[in-house]
Amino acid sequence: MNQLFPIFIKLNQIHTLLVGGGKVALEKFEALASNDNALNLTIVAKEIIPEFAQLLKEYPQIDLYVRPFASEDMINKQLVIAATNNMELNEQLRNLTRQNNILFNAADKPELCDFYLGSIVKKGNLKIAISTNGKSPTIAKRLKELLNDLLPEEIDETLSLMSTYRDQLKGDFEFKVKKLNEHTKDILGHER
Ligand SMILES: C[C@@]1(CC(=O)O)C2=NC(=C\c3[nH]c(c(CCC(=O)O)c3CC(=O)O)Cc3[nH]c(c(CC(=O)O)c3CCC(=O)O)/C=C3\N/C(=C\2)[C@@H](CCC(=O)O)[C@]3(C)CC(=O)O)/[C@H]1CCC(=O)O
Ligand SMILES: NC(=O)c1ccc[n+]([C@@H]2O[C@H](COP(=O)([O-])OP(=O)(O)OC[C@H]3O[C@@H](n4cnc5c(N)ncnc54)[C@H](O)[C@@H]3O)[C@@H](O)[C@H]2O)c1
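Residues numbered from 1 in each chain as written. Chains lettered and ligands numbered in written order. Predicted model: local features only at pLDDT ≥ 70, side-chain atom pairs only at ≥ 80, totals over all residues. Heavy atoms only, no water.

Caption draft 1: Seen up close, a nonpolar patch on the surface. A surface patch of nonpolar side chains, about 380 Å² in accessible area, is lined by Ile139, Leu143, Leu146 and Leu150. The class for Leu146 is partly exposed, based on a relative accessible area of 47%. (Patch = residues over 30% accessible without salt bridge, like charges linked within 9 Å, V, L, I, M, F, W, Y side chains within 5 Å. Areas by Shrake-Rupley, 256 points an atom, 1.4 Å probe, with all protein chains shown as cover. Salt bridge = Lys/Arg side-chain N within 4 Å of Asp/Glu carboxyl O. Buried < 20%, exposed > 50% of the residue type's maximum accessible area, 1.4 Å probe, protein only.)

Caption draft 2: Looking closely at the domain arrangement of the protein chain. Partitioning the protein chain into structural domains gives domain 1 (16-117) and domain 2 (155-188). A separation of 40 Å is found between the C-alpha centroids of domain 1 and domain 2. (Domains from an automatic or database assignment.)

Caption draft 3: Structural context of the environment of Arg142. Residue placement: Arg142 occurs in helix 4 (residues 137-150). Considered as a pair, Arg142 and Ala53 are 89 residues apart in the sequence and their alpha carbons are 29 Å apart. (Helix = DSSP H or I, 4+ residues; strand = E, 2+ residues; numbered from the N terminus.)

Caption draft 4: A look at the environment of Arg67. Here Arg67 shows up in the loop between strand 3 (63-66) and strand 4 (79-82). Arg67 sits in the partly exposed class, given a relative accessible area of 29%. Along the chain, Arg67 and Gly20 lie 47 residues apart, while their C-alpha atoms are 9.9 Å from each other. Excluding residues within four positions of it along the chain, Arg67 makes contact with Val44, Ala45, Lys46 and Asp73. (Contact = heavy atoms within 4.5 Å.)

Caption draft 5: The nonpolar core, seen in detail. Counting residues in hydrophobic clusters, the biggest one holds 22 residues, and the most contacted among them are Leu18, Phe29, Leu41, Ile43, Phe52 and Ile62. Those elements that provide at least two residues to this core are helix 1 (23-33), strand 2 (41-45), helix 2 (50-56) and strand 4. In terms of residue count, helix 1 provides more of this core than any other element does, 5 residues in total. Val80, Leu93, Leu96 and Ile102 belong to the second-largest nonpolar core, a separate cluster that totals 14 residues. (Core = buried A, V, L, I, M, F, W, Y, C linked by side-chain atoms within 4.5 Å.)

Caption draft 6: Representation of the site of ligand 2 within the structure. In the vicinity of ligand 2 there are 17 residues, among which Gly21, Val24, Lys46, Glu47 and Phe69 approach most closely. The contact in question runs from an oxygen atom of ligand 2 to an N or O atom on the backbone of Gly22, over 3.4 Å. Here a nitrogen atom of ligand 2 and a backbone polar atom of Lys46 are 3.0 Å apart. A total of 820 Å² of accessible area belongs to ligand 2 in isolation, and the protein chains cover 69% of it. Across the shell around ligand 2, the residue classes break down as 6 nonpolar, 5 polar and 6 charged. (Near = heavy atom within 4 Å. Polar contact = N/O pair within 3.5 Å; in protein donor to acceptor, adjacent residues only side chain to side chain. Nonpolar A, V, L, I, M, F, W, Y, C, P; charged D, E, K, R; others polar.)

This is the structure in structure tokens:
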């Protein structure tokens, strides 16, 4: 059984720290920024690969510090993601985040993580996050591709129409829920 509880985070409201500037850090950065390019992020890395530094020029709001991690970097952060090649540093980050009540992810190190990144299907306002409980990120990626192909582009239009319809409905909450369910019965092919 997968006991992980998915939540959807507003990356422009919280402050995230990414430690590391290599290929894996770049992948994690792309995973974050592809959801919200106005994200609130600080990056600390002893060294950064040129393509990552180049990409960051498109994000003037992001702070990049090319130097070793210092414990003060944790101040005012709510989420920390580590993508370093240094296991001692990963352990130190694990301990510091715990002491400071900050949620922690170490890329590819499940035993150190409070949360995992998911594979993400995106169709306009619709977003589906996939977890395999860490069993196979490759299958998560393949499922994402499958769902991306299966879901029609019009699904976003349907969401917008439903939102307008809901705003126009007059009546109490129970009445609205009934109407919305009646209206979508055929779209989804079954009754709630
Ligand atoms: C979903 C995705 C999100 C993201 O990272 O953005 C993600 N990994 C992705 C891809 C990917 N990662 C790896 C491969 C190589 C093949 C393979 O191993 O399968 C591929 C496939 C590829 O790149 O093609 C290597 C790998 N990853 C982990 C380990 C350690 C271990 O398994 O013990 C190792 C072995 C390292 C080694 O051998 O040294 C662990 C984790 N990776 C997770 C997330 C979390 C669990 C998610 C879940 O429950 O499924 C978890 C637990 C923690 C975390 O990192 O958050 C992203 C999909 C991108 C997309 O959607 O396109
Ligand atoms: N590259 C891959 O495809 C891959 C696949 C699976 C697992 N991994 C693992 O993921 C980790 C990261 O991989 P990578 O390819 O990005 O490694 P990398 O060596 O390219 O990058 C590591 C980054 O950590 C930074 N770093 C190290 N010590 C630091 C410190 N004290 N303060 C701040 N930054 C520091 C380095 O400057 C560098 O930017 C490694 O542990 C690797 O074994 C990598």
